[in-house]
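# Structure assessment
Now for the letters of each chain:
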Amino acid sequence: MEKLNVKAYAKINLSLDILGKRKDGYHEIYTIMQSIDLCDILEFERNEEIKLICDDEKVPKGEDNLIIKAVKILKERYEKEGVLIRLNKKIPLAAGLAGGSADAAATIVALNKLWDLSLSEEEQKEIALKLGADVSFCLEGGTKIARGVGEILEDLKTPQLDLLIIKPDIEVSTKEIYQEWDKLNIKSQNCTAAAIQAVNKGNLYEIAKSIGNDLEIVTSSKFKVVQKIKSELLKKGALGCAMTGSGPTVYGIFDDPKKLEKAYVDLKENYGFVAFAKTIGKGLEFYD
Ligand SMILES: C[C@](O)(CO)[C@H](O)COP(=O)(O)OP(=O)(O)OC[C@H]1O[C@@H](n2ccc(N)nc2=O)[C@H](O)[C@@H]1O
Ligand SMILES: Nc1ncnc2c1ncn2[C@@H]1O[C@H](COP(=O)(O)OP(=O)(O)OP(=O)(O)O)[C@@H](O)[C@H]1O
């Protein structure tokens, strides 16, 4: 095999409870992660050197890129050659959509195939966790309850949701938002338990009512635009809306395609990134 093409899907958090700070500085979370059909496209090709090509100038091309970090771990561990990666970046950066994490997961799975590594699931998960808390979920994707720092995963049935995704023109540092959460000393809203019940029932209206994110209060106190987007989405007919990850992206759940279309048309000029999305049952997709 010389070349591999893969779609790496973004995620949203249908719920996110922060349960406390751990000794290692990370936070114990309880969350529902959900893959959506917004994706980056990556091509992996056998090569002597390690090289990443991406025409988005904001994407780091060197050691700071999670793709390169993943390649280096595998190359050093298994004494392999290099690889040429072409990245077509469609998931907005620093958005709470786990774009870098999805790319990292795609790299682990693609190199396992391209380099014939025969890595077990456990080995892949171990490497994923070294790269970031969201990478474990992105290896498989779909709909999952996540605990620990996000690496302890349990399957849920994927609900079919039609979404509008809106990211204002600001980028958010996940680390800073967690640090701010500690300073504010807030209590969790504990919305994950109810959200799991709603997802288990597959009831769109219950899901829309139960979504929520503990980090929203932190990010929206720094960036007022988060609340503004939420109230606009609700006015346009969203059944419910919430911020994803550490933000600033907000998603709205719609049951009426006309309202969804109108919300897109009315809001698309106002924010940096506005897109339709659907929930999907996988995190990665290989294709010819
Ligand atoms: C906000 C979420 O996207 C929700 O799914 C994740 O918790 C963040 O996952 P991520 O971006 O993959 O996180 P990492 O890249 O591993 O870590 C970025 C920073 O977020 C903080 N972090 C992350 C995950 C976690 N459970 N607790 C944390 O405190 C750490 O300070 C870390 O320095
Ligand atoms: N492959 C990558 N794609 C995008 N950004 C990357 C990548 N690798 C490293 N980065 C760096 O990571 C930062 C955060 O990127 P990313 O888009 O993954 O954030 P995020 O969506 O908030 O992630 P999460 O939801 O997992 O917290 C970027 O600003 C960029 O500097």
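The name an unreviewed UniProt entry assigns to the chain is 4-diphosphocytidyl-2-C-methyl-D-erythritol kinase, from the organism Thermoanaerobacter kivui. Under Sequence similarities (unreviewed entry), UniProt gives the following word-for-word description of the chain: "Belongs to the GHMP kinase family. IspE subfamily." Under Catalytic activity (unreviewed entry), UniProt gives the following word-for-word description of the chain: "4-CDP-2-C-methyl-D-erythritol + ATP = 4-CDP-2-C-methyl-D-erythritol 2-phosphate + ADP + H(+)".

This part covers the UniProt feature "domain: GHMP kinase N-terminal" (unreviewed entry) in the chain. The positions UniProt marks with the feature "domain: GHMP kinase N-terminal" (unreviewed entry) are residues 65–142. For the annotated span residues 65–142, helix accounts for 59% and strand for 9% of the residues, and the straight-line distance between the end C-alpha atoms is 24 Å.

Around ligand 2 sit 20 residues, and of these Ala98, Gly99, Gly100, Asp134 and Gly245 come closest. Mapped onto the shell around ligand 2, the elements with two or more residues apiece are helix 1 (66–78) and helix 2 (99–114). Its residues assigned to classes, the shell around ligand 2 comprises nine nonpolar, eight polar and three charged.

Take the UniProt feature "domain: GHMP kinase C-terminal" (unreviewed entry) in the chain next. The positions UniProt marks with the feature "domain: GHMP kinase C-terminal" (unreviewed entry) are residues 195–271. This span, residues 195–271, is 56% helix and 14% strand, and a straight line between its end C-alpha atoms measures 28 Å.

A word on unusual backbone geometry. At the junction of Gly247 and Pro248, the peptide bond is cis and its omega measures out at 5° in the coordinates. One can find Pro248 in the loop between strand 9 (240–243) and strand 10 (250–254). In this structure, Asn190 takes a positive phi of about 50° despite not being glycine. The topology assignment puts Asn190 in the loop between helix 5 (174–184) and helix 6 (192–201).

In this section: the site of ligand 1. Taken together, 19 residues are adjacent to ligand 1, and His27, Gly132, Ala133, Asp134 and Gly245 come closest. Of all elements in the fold, only strand 1 (3–21), strand 2 (27–47) and helix 5 reach the threshold of two or more residues within the shell around ligand 1.

Each value, and the rule that gives it
Residues numbered from 1 in each chain as written. Chains lettered and ligands numbered in written order. Predicted model: local features only at pLDDT ≥ 70, side-chain atom pairs only at ≥ 80, totals over all residues. UniProt positions renumbered as here; feature names shortened; annotations may be inferred. Helix = DSSP H or I, 4+ residues; strand = E, 2+ residues; numbered from the N terminus. Near = placed C-beta within 6 Å. Nonpolar A, V, L, I, M, F, W, Y, C, P; charged D, E, K, R; others polar.

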